[in-house]
Amino acid sequence: MLFCESDSQKKSLELYFGIHLERNLHSVEHISKGNNCLDAAKACNLDDTCKKYRSAYITPCTTSMSNDVCNRRKCHKALRQFFDKVPAKHSYGMLFCSCRDIACTERRRQTIVPVCSYEEREKPNCLSLQESCKTNYICRSRLADFFTNCQPESRSVSSCLKENYADCLLAYSGLIGTVMTPNYIDSSSLSVAPWCDCNNSGNDLEECLKFLNFFKDNTCLKNAIQAFGNGSDVTVWQPALPVQTTTATTTTAFRVKNKPLGPAGSENEIPTHVLPPCANLQCQGLTESGSNYSDMEILLYDVPGLGDNCQ
């Protein structure tokens, strides 16, 4: 048996619950009418740990390399370290900040420097991307966690089968820095998705759309993001016991049809086999090959000492 929570994740979750309990002492009307995502970035710069690891991912994610926008492998690795090492109070504050205007939502969308970590010239088929994820230990494990912890349930108070927003957001952020890296699809909604579509799915179109919609139309995830942003619904922010997983002796199959995870009525059910063991953020780098990117402007976030932590 292996436990998925590292010490740094436990520390992040403790701060994660703390910030929401603190916010709950104030009414929603007291939420800043300014740019909360900009405020979160400023708060990050005032925290030594957040500032260090933020600078460490901004550098490789914005440094051009020959014909590519960046070194995507280094960018992904640095992003994984950021979400593993930085307390959720700061990392989630930037990624799930509550917004009232496009300037704020666009800054939120740019948090992971999507021109490097997320976008490519062409979108692969989502099922092909899922197969690629399955070949990597980190990605495979974290995608399974996301399916489990962000499973929607229409009959629950929170719209989550597990009634636990914290576990859902932890699982979602764990995908950032893998080939399955998700991001906000635009600056006008909370819908997220990996960089993929369902073109050329053939007879697997329904299955592909089901996979994609688990991200895009996931009420559990959307409610979790909203709850973090406005500090509401703290009654469902209950720490869960460490997730226990069983080591799979054969290749884990992720696309198993007609075997729902939850009870009847669960929305967007994505069936999986036995979950693989947990993957440590630091134990393995991804092996994505470099890709060509479109010429897009990159938001640099006014990071102090940019380049100081470049390896």
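Residues numbered from 1 in each chain as written. Predicted model: local features only at pLDDT ≥ 70, side-chain atom pairs only at ≥ 80, totals over all residues. Heavy atoms only, no water.

Here we look at the state of the cysteines
Two cysteines whose sulfur atoms are joined by a covalent bond form what is called a disulfide. Applying the stated criterion to the full structure yields ten disulfides. For C70, the disulfide goes to C116, at an S-S distance of 1.7 Å. On the sign convention where negative means left-handed, the S-S torsion of about 85 degrees between C70 and C116 marks this disulfide as right-handed. One end of the pair, C70, is in the loop between α3 (48–62) and α4 (72–85); the other, C116, is in helix α7 (residues 114–117), and 46 residues separate them in sequence. For C116, a relative accessible area of 0% corresponds to the buried category. (Disulfide = S-S within 2.5 Å. Helix = DSSP H or I, 4+ residues; strand = E, 2+ residues; numbered from the N terminus. Buried < 20%, exposed > 50% of the residue type's maximum accessible area, 1.4 Å probe, protein only.)

With respect to the pattern of salt bridges
When charged atoms on two side chains of opposite charge get close, those side chains can pair. Using the criterion set out here, one finds six salt bridges in the structure. The closest approach of N and O atoms between R72 and E120, which form a salt bridge, is 2.9 Å. With R72 in helix α4 and E120 in the loop between α7 and α8 (126–134), this pair connects stretches of sequence that are 48 residues apart. Classification of E120 by relative accessible area gives partly exposed; the value is 23%. Across the pair E131 and K134 runs a salt bridge, and its minimum N-O distance is 3.0 Å. Of the two residues, E131 and K134 are both situated in helix α8; the distance of three residues between them amounts to about one turn of the helix. Overall, E131 belongs to the partly exposed group, its relative accessible area being 27%. Residue class for K134 comes out buried when judged on its relative accessible area of 16%. Counted as one network, the salt bridges with shared partners bring together E106, R109 and E119. (Salt bridge = Lys/Arg side-chain N within 4 Å of Asp/Glu carboxyl O.)

Overview of the packing of α3 against α4
Across the interface, α3 lies against α4 with an axial gap of 8 Å and an inter-helix angle of 165 degrees. When the axis of α3 is compared with that of α4, the two are roughly antiparallel. For the crossing formed where α3 meets α4, the hand is left-handed. For the pair α3 and α4, contact is made by T49, C50, Y53, R54, A56, Y57, P60 and C61 and by K74, C75, A78, L79, Q81, F82 and K85, respectively. Looking at the contact of α3 with α4 residue by residue, the class counts come to ten nonpolar, two polar and three charged. (Axes fitted to C-alpha atoms, helices over the stretch in contact; angles between N-to-C directions. Parallel < 35°, antiparallel > 145°, perpendicular 65-115°, else oblique. Left-handed = near helix turned anticlockwise from the far one by under 90°. Contact = heavy atoms within 4.5 Å. Nonpolar A, V, L, I, M, F, W, Y, C, P; charged D, E, K, R; others polar.)

Looking at helix α5 (residues 88–95)
Along α5, seven of the eight residues are buried, which leaves the element largely enclosed by surrounding structure. Within the sequence span of α5, burial applies to A88, H90, S91, Y92, G93, M94 and L95.

With respect to the packing of α8 against helix α9 (residues 137–149)
Following both chains from N to C, one finds α8 and α9 inclined at 120 degrees, their axes separated by 7 Å at the closest point. The orientation of α8 relative to α9 falls into the category oblique. Seen from α8, the contacting residues are Q130, C133 and K134; seen from α9, they are C139, R140, L143 and F147. Residue composition of the contact of α8 with α9, by class: four nonpolar, one polar and two charged.

A look at the nonpolar core
Within the largest apolar cluster, 61 residues are counted, with the highest numbers of intra-cluster contacts made by Y57, F96, F146, M180 and L221. Those residues in contact with L221 that lie beyond four places of it in its chain are F146, C150, C168, L169, Y172, V192 and F215. (Core = buried A, V, L, I, M, F, W, Y, C linked by side-chain atoms within 4.5 Å.)

Considering unusual backbone geometry
Notably, E163 is not glycine yet its phi reads approximately 50 degrees, a positive angle. The topology assignment puts E163 in the loop between α9 and α10 (165–175). Since its relative accessible area comes to 29%, E163 is described here as partly exposed. The backbone of N200 shows a phi angle near 60 degrees, a positive value even though the residue is not glycine. Mapped onto the fold, N200 is located in the loop between β3 (192–194) and α11 (205–216).

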